[in-house]
Amino acid sequence: MTPVRRGRRAGWTAGAAVGLALLCAGAASVASAGDGGARRPVGPSPAAGSAAGSAAARTPAADSADAGFARDMAIHHQQAVEMSFLVRDRTRDEEVRRLAYDIANTQANQRGMLLGWLDLWELPKTTPGGRGPMAWMADGGPGSGGHAAHEGHGAHEGHTAGGSAGAGARPHDVPLMPGMATRADLDRLRAASGRDAEIRYLRLMTDHHRGGVDMARGCARLCSVKAEKRLAAGMVEAQRAELDMMAGMLRERGAGSGP
């Protein structure tokens, strides 16, 4: 086995360990995040009423960073899952297929956690009226009515975390959120095969991860639910490791991260 392959195998092992730890922690996090307001008092006792008030105070608002991150990252992750399944059908390269499987599996599970939190908090999966994707990052929290974090993203109102990636009419073929592929990008990936599909996927996923890391760092800074902040910090660690891995895979194929 060559030194490059040995290093890559070590990278896979480390990445898998990070992903497994993240998923195990996330399973417990769903329950702990629910303690912030999903439970309701059963009886009329004063103690129950006091507990309900305390729980309601800990429940994130619909326009909070916690809710915004859960909604937006659920959509962001859905596209990563879609792209990973696309490339697995278009290449026989085991290294790329293994990476795609790991990304699809990890991000599908994380997406379930994020949507589960929204259900536990009894919050809508659709953005509040007048606020586009990423507004929670731009305005630093609820109630300030800020604009979307990136130019061109503030006009997409009412996007839903429960839908498929890029769902909904958009006036132009622009990414819905930072790092996301456009419809044209996805069409070109669908039409590709072999080495061309591998390079397209690695480039698209590199951009996707960079955008995801920025979003996760935003939640680690702005979110108030500790379980969600821990999940976001774990996303940063895991996706940075995968970024390094994908950079090496692109070099092996004589390609850079750009178009």
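Here, the structure is the one placed above.
Keep in mind that this is a model prediction, so the values were computed, not measured. Position labels on residues start from 1 in each chain and follow its written sequence. In view of the model being predicted, local features appear only for residues whose pLDDT reaches at least 70, and side-chain atom pairs are presented and counted only at 80 or more, with totals across whole chains, interfaces and linings using the full set of residues. To obtain the side-chain values, all non-hydrogen atoms of the structure were used and water was disregarded.

Peer 1: Where do I start with the overall build of the protein chain in this structure?
Peer 2: Counting from the N terminus, the helices are DSSP H or I runs at least four residues long and the strands are E runs at least two residues long. When helices and strands are tallied, the protein chain shows eight helices and zero strands. When the helices and strands of the protein chain are listed from N to C terminus, the series reads α-α-α-α-α-α-α-α. For every residue, the accessible area obtained with a 1.4 Å probe (protein chains only) is divided by the maximum for its type, and the residue is called buried under 20%, exposed over 50%, and partly exposed between those limits. Looking at the protein chain residue by residue over its 259 residues, the buried ones come to 47%. In the protein chain, 74% of the contacts between residues at least 6 apart in sequence involve partners at least 24 apart. Here, residues are in contact when the closest pair of their heavy atoms is within 4.5 Å.

Peer 1: Which parts of the structure should I look at to understand the state of the cysteines?
Peer 2: In protein structure, a disulfide is the covalent linkage between the sulfur atoms of two cysteines. Disulfides are defined in this document as cysteine sulfur pairs within 2.5 Å. Under the criterion given, the structure shown has one disulfide. Across a sulfur-sulfur distance of 2.3 Å, Cys219 and Cys223 are joined as a disulfide pair. Classification of the bridge connecting Cys219 and Cys223 rests on its S-S torsion, roughly -120°, and on that basis the disulfide is left-handed. As far as the burial class goes, Cys219 and Cys223 line up, both buried.

Peer 1: What should I look at first to understand unusual backbone geometry in this one?
Peer 2: The phi dihedral of Glu122 falls on the positive side, at around 55°, and the residue is not glycine. Its place among the elements puts Glu122 in the loop between α4 (94-120) and α5 (135-139). For Glu122, a relative accessible area of 53% gives the class exposed. Although it is not a glycine, Met134 sits at a positive phi angle of roughly 75°. For Met134, a relative accessible area of 1% puts it in the buried group.

Peer 1: How should the environment of Asp66 be read in this particular structure?
Peer 2: Within the secondary structure, Asp66 sits in helix α3 (residues 65-88). Of the residues examined, Asp66 reaches a relative accessible area of 3% and is grouped as buried. Residues Asp66 and Cys223 lie 157 residues apart in sequence; the distance between their C-alpha atoms is 4.9 Å. In contact with Asp66, not counting residues within four places along its chain, are Pro60, Trp121, Cys223, Ser224, Val225 and Glu228. Two N or O atoms count as a polar contact when they lie within 3.5 Å, although within protein this holds only if one can serve as hydrogen donor and the other as acceptor, and sequence-adjacent residues are included solely when both atoms are side-chain atoms. Engagement of the side chain of Asp66 in a polar contact is seen with the backbone nitrogen of Val225, the distance being 2.9 Å.

Peer 1: I would appreciate a short explanation of helix α8 (residues 226-252) in the present structure.
Peer 2: In an α-helix, one turn spans 3.6 residues; hence positions three or four apart end up facing the same way. Between the first and last C-alpha of α8 there are 40 Å, a value that for 27 residues agrees with the 39 Å anticipated at 1.5 Å per step. Trailing α8 by a residue or two, Gly254 shows a phi angle of about 65°, which is positive. Each helix should span, by expectation, one fewer than its residue count multiplied by 1.5 Å.

Peer 1: Would you explain the packing of α3 against helix α6 (residues 183-191) in this entry?
Peer 2: The description of two packed helices rests on the angle between their axes and on the distance between the axes. Lines fitted to C-alpha atoms define the axes here, with helix axes fitted over just the stretch in contact, and angles between the N-to-C directions of these axes take values from 0 to 180 degrees. Between α3 and α6, the least distance of the axes is 10 Å, while the angle of their chain directions is 20°. The orientation of α3 with respect to α6, classified from their angle, is roughly parallel. The handedness of the crossing between α3 and α6 comes out as left-handed. Only Leu186, Leu189 and Arg190 of α6 make contact with α3, whose side of the interface consists of Gln79, Glu82, Met83 and Leu86. The residue makeup of the contact of α3 with α6, split by class, is four nonpolar, one polar and two charged. Here is the rule for angles: anything less than 35 degrees is roughly parallel, anything more than 145 is roughly antiparallel, 65 through 115 is roughly perpendicular, and the remaining ranges are oblique. The hand of a helix crossing depends on one turn: near helix anticlockwise from the far one by less than a right angle means left-handed, and clockwise means right-handed. Amino acids are sorted into nonpolar (Ala, Val, Leu, Ile, Met, Phe, Trp, Tyr, Cys and Pro), charged (Asp, Glu, Lys and Arg) and polar (every other residue, Gly among them).

Peer 1: Looking at this structure, I do not really get the nonpolar core. What am I missing?
Peer 2: Soluble, globular proteins show a tendency: their nonpolar side chains are buried together. In this structure, Phe69, Met83, Leu99, Leu114 and Tyr201 are the most contacted members of the largest nonpolar core, which totals 54 residues. The set of elements that each furnish at least two residues to this core consists of α3, α4, α5, α6, α7 (194-222) and α8. Take this core: its biggest share by element is eleven residues, from α3. Setting aside anything within four residues of it in sequence, one finds Leu114 in contact with Phe69, Ala70, Met73, Ala74, Glu228, Leu231 and Met235. Throughout, nonpolar core names a set of buried Ala, Val, Leu, Ile, Met, Phe, Trp, Tyr and Cys residues whose side chains join them through atoms within 4.5 Å.

Peer 1: Before we go on, may I ask you to explain the pattern of salt bridges in this structure?
Peer 2: Opposite charge on two side chains makes pairing possible when the charged atoms of those side chains draw close. Here a salt bridge means any side-chain nitrogen of Lys or Arg lying within 4 Å of a carboxyl oxygen belonging to Asp or Glu. Under the criterion given, the structure shown has nine salt bridges. Where Asp119 meets Lys125, a salt bridge forms, and the shortest distance between an N and an O atom there is 2.5 Å. Judged by relative accessible area, Asp119 falls into the partly exposed class, the value being 48%. The partly exposed category is assigned to Lys125, whose relative accessible area is 25%. In this structure, Arg210 and Asp207 form a salt bridge, with 3.7 Å as the shortest nitrogen-oxygen distance. Note that Arg210 and Asp207 are positioned in helix α7 at a spacing of three residues, about one turn of the helix. Note on Asp207: relative accessible area 35%, which makes it partly exposed.

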